[in-house]
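Spelled out from the first residue to the last, the chains are:
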Amino acid sequence: MASLGIPKNTIEILQKYNFRFQKKFGQNFLIDTHVLDKIIKEAGITEEDMVLEIGPGIGTMTQYLCENARTVVAVEIDEALIPILKETLSGYSNVSVLNEDILKVDINRLVEEKNNGNPIKVVANLPYYITTPIIMGLFESKVPLESITIMVQKEVADRMKAGPGTKDYGALSLAVQYYARPEIVAIVPPNCFMPRPNVSSAVIRLSRYQTPPVTVNNEELLFKIIRASFNQRRKTLMNSLNNASGLSYTKEQIGEALAKTGQKESVRGEALTLEQFAKLADELNQL
Ligand code: SAM
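From a predicted model like this one, the values you see are computed outputs, not experimental measurements. (Residues numbered from 1 in each chain as written. Predicted model: local features only at pLDDT ≥ 70, side-chain atom pairs only at ≥ 80, totals over all residues. Heavy atoms only, no water.)

Student: Describe in detail the layout of surface pockets, supporting the description with residues and values.
Tutor: One number sums up the size of the largest pocket: a volume of about 350 Å³. Lining the largest pocket are 15 residues, with Lys-23, Gly-26, Gln-27, Asn-28 and Pro-197 positioned closest to its centre. (1 Å grid on protein atoms, 1.4 Å probe; cavity = no way out; pocket = protein on both sides within 12 Å on 5 of 7 lines; lining within 4 Å. Points joined across faces, edges and corners; volume = space filled by probe spheres on them.)

See below:
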């Protein structure tokens with residue numbers, strides 16, 4: 001089948017099936033073969049790999065994945081795309097398409113069934129409206145992962161990569177960087193998609209750490225503290241933690257923990273590194 005990365009071929013198949021784009025599903029299909037080549041290269045797909053693709057659309061990237069991987073599982077929510085995928089992927093025997101909402105799929109079970117529980121690679125041009133729940137879901141449910149190579153809004157990629165003291169730094173940066181090493185590998189302008197999105201996009205590769213770069217006694221508490229710290233960015237860390245609904249520390253306790261970790265009472269969350277948050281979490285966990 002001719003590449004769907006060529007706009008003429010995408011238009012042809014969309015017309016054949018009288019496909020209507022659904023905004024609510026974040027449908028912007030890739031129509032640029034250079035970007036597709038780049039994603040496959042940066043994802044480092046080999047013929048041993050199981051790849052999970054989230055939102056295959058009409059199968060544009062799926063075709064590339066099938067050419068390079070051992071097996072591909074593609075999860076697509078829009079049932080109108082299923083007959084199209086049947087046609088565009090008919091030349092491949094190493095792909096299964098599931099008509100499901102990715103947020104409801106038991107990915108751990110899929111990995112067990114299709115890859116003996118060994119780490120998989122996730123590749124996707126994500127539906128932007130659920131980027132964060134998808135990524136955090138993959139990490140938090142401990143899916144065996146080697147890497148996640150995804151197209152996201154450029155602004156979201158910047159936030160995932162940001163460090164302390166920058167405007168983009170926040171709970172998403174820390175959560176992603178606890179689990180993985182982020183690298184932005186391509187910037188993709190709106191004209192590479194049909195229909196064109198309003199914003200620029202970026203391909204970011206998240207290489208999963210075998211063990212997190214910091215150790216912490218209570219992971220759940222660490223993330224509660226991180227979220228609380230950035231809920232009210234302009235407040236001091238002390239006030240944010242003291243006001244947080246899921247935490248019940250007094251100002252004195254927080255002040256003591258901050259002092260023990262060498263932080264001033266006036267510090268804001270945005271100034272702390274992941275390591276400093278982990279130390280603070282360990283101090284508060286002892287109380
Ligand atoms: N991979 C295709 C490409 O690059 O041309 C399509 C990418 S498009 C940005 C996102 C795709 O994700 C759409 O096909 C959309 O229907 C699908 N999608 C949206 N929400 C989803 C969900 N919750 N679960 C699975 N797929 C979803």
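Here the narrative resumes.
Student: Can you tell me about the side chain of Asp-78, naming the residues and giving the values?
Tutor: Along the polypeptide, Asp-78 turns up in the loop between strand 3 (71-75) and helix 4 (82-88). The side chain of Asp-78 sits in the buried core without any salt bridge; Lys-24 is the nearest counter-charge, 7.7 Å away. For Asp-78, the contacting residues outside a window of four places in its chain are Phe-19, Gln-22, Phe-25, Gln-27 and Asn-99. (Helix = DSSP H or I, 4+ residues; strand = E, 2+ residues; numbered from the N terminus. Buried < 20%, exposed > 50% of the residue type's maximum accessible area, 1.4 Å probe, protein only. Lys, Arg positive; Asp, Glu negative; His and termini not counted. Salt bridge = Lys/Arg side-chain N within 4 Å of Asp/Glu carboxyl O. Contact = heavy atoms within 4.5 Å.)

Student: Outline the pairing of strand 4 (residues 95-98), listing residues and values.
Tutor: When strand 3 meets strand 4, the two strands line up parallel, connected through four bridges. Paired with Val-73 across the bridge in strand 4 is Ser-96. Tracing the backbone out of strand 3, into helix 4 and back to the parallel element strand 4 gives a crossover that is right-handed. (Pairing = 2+ DSSP bridges. Right-handed = clockwise from strand over helix to strand, strands pointing away.)

Student: Quick rundown of the packing of helix 9 (residues 219-231) against helix 12 (residues 274-285)? Include the residues and the values.
Tutor: Two quantities define a packed helix pair, namely the angle between the axes and the distance from one axis to the other. Between helix 9 and helix 12, the shortest axis-to-axis distance is 9 Å and the interhelical angle comes to 115°. The angle between helix 9 and helix 12 falls in the class roughly perpendicular. Helix 12 is crossed by helix 9, and the crossing has right-handed handedness. Each of Leu-221, Leu-222, Ile-225, Ile-226, Ser-229 and Phe-230 in helix 9 lies in contact with helix 12, whose residues at this interface are Phe-277, Ala-278, Leu-280, Ala-281, Leu-284 and Asn-285. The residue makeup of the contact of helix 9 with helix 12, split by class, is 10 nonpolar, two polar and no charged. (Axes fitted to C-alpha atoms, helices over the stretch in contact; angles between N-to-C directions. Parallel < 35°, antiparallel > 145°, perpendicular 65-115°, else oblique. Left-handed = near helix turned anticlockwise from the far one by under 90°. Nonpolar A, V, L, I, M, F, W, Y, C, P; charged D, E, K, R; others polar.)

Student: Give me the sheet that holds strand 6 (residues 145-153): which residues, what numbers.
Tutor: Overall, mixed pairing links the seven strands, which are arranged 4-3-2-5-6-9-7 in an open sheet. Only two strands of the sheet have a single neighbouring strand rather than two, namely strand 4 and strand 7 (180-188). Between one strand and the next, the sheet's axes are offset by a mean angle of 15°, whatever the strand orientation. With three bridges joining them, strand 2 (residues 50-54) and strand 5 (residues 120-125) adopt parallel strand pairing. Looking at strand 5, one finds that Val-51 is bridged to Lys-121. Sheet strands touched by helix 2 (residues 33-43): strand 5, strand 6, strand 7 and strand 9 (201-208). Its angle to strand 6, the strand with the most contacts, is close to 150°.

Student: Could you give an account of the pattern of salt bridges, naming the residues involved and the relevant values?
Tutor: Counted by the stated rule, this structure contains 13 salt bridges. Note that Glu-42 and Lys-38 form a salt bridge whose closest N and O atoms lie 2.9 Å from each other. With Glu-42 and Lys-38 both in helix 2 and four residues apart, the pair spans about one turn of that helix. On the basis of relative accessibility, which here comes to 15%, the residue Glu-42 falls in the buried class. Of the residues examined, Lys-38 reaches a relative accessible area of 28% and is grouped as partly exposed. As a salt-bridge pair, Asp-158 and Lys-154 come within 2.8 Å of each other at their nearest N and O atoms. Of this pair, Asp-158 and Lys-154 both sit in helix 7 (residues 154-161), four residues apart, roughly one helical turn. Classification of Lys-154 by relative accessible area gives partly exposed; the value is 28%.

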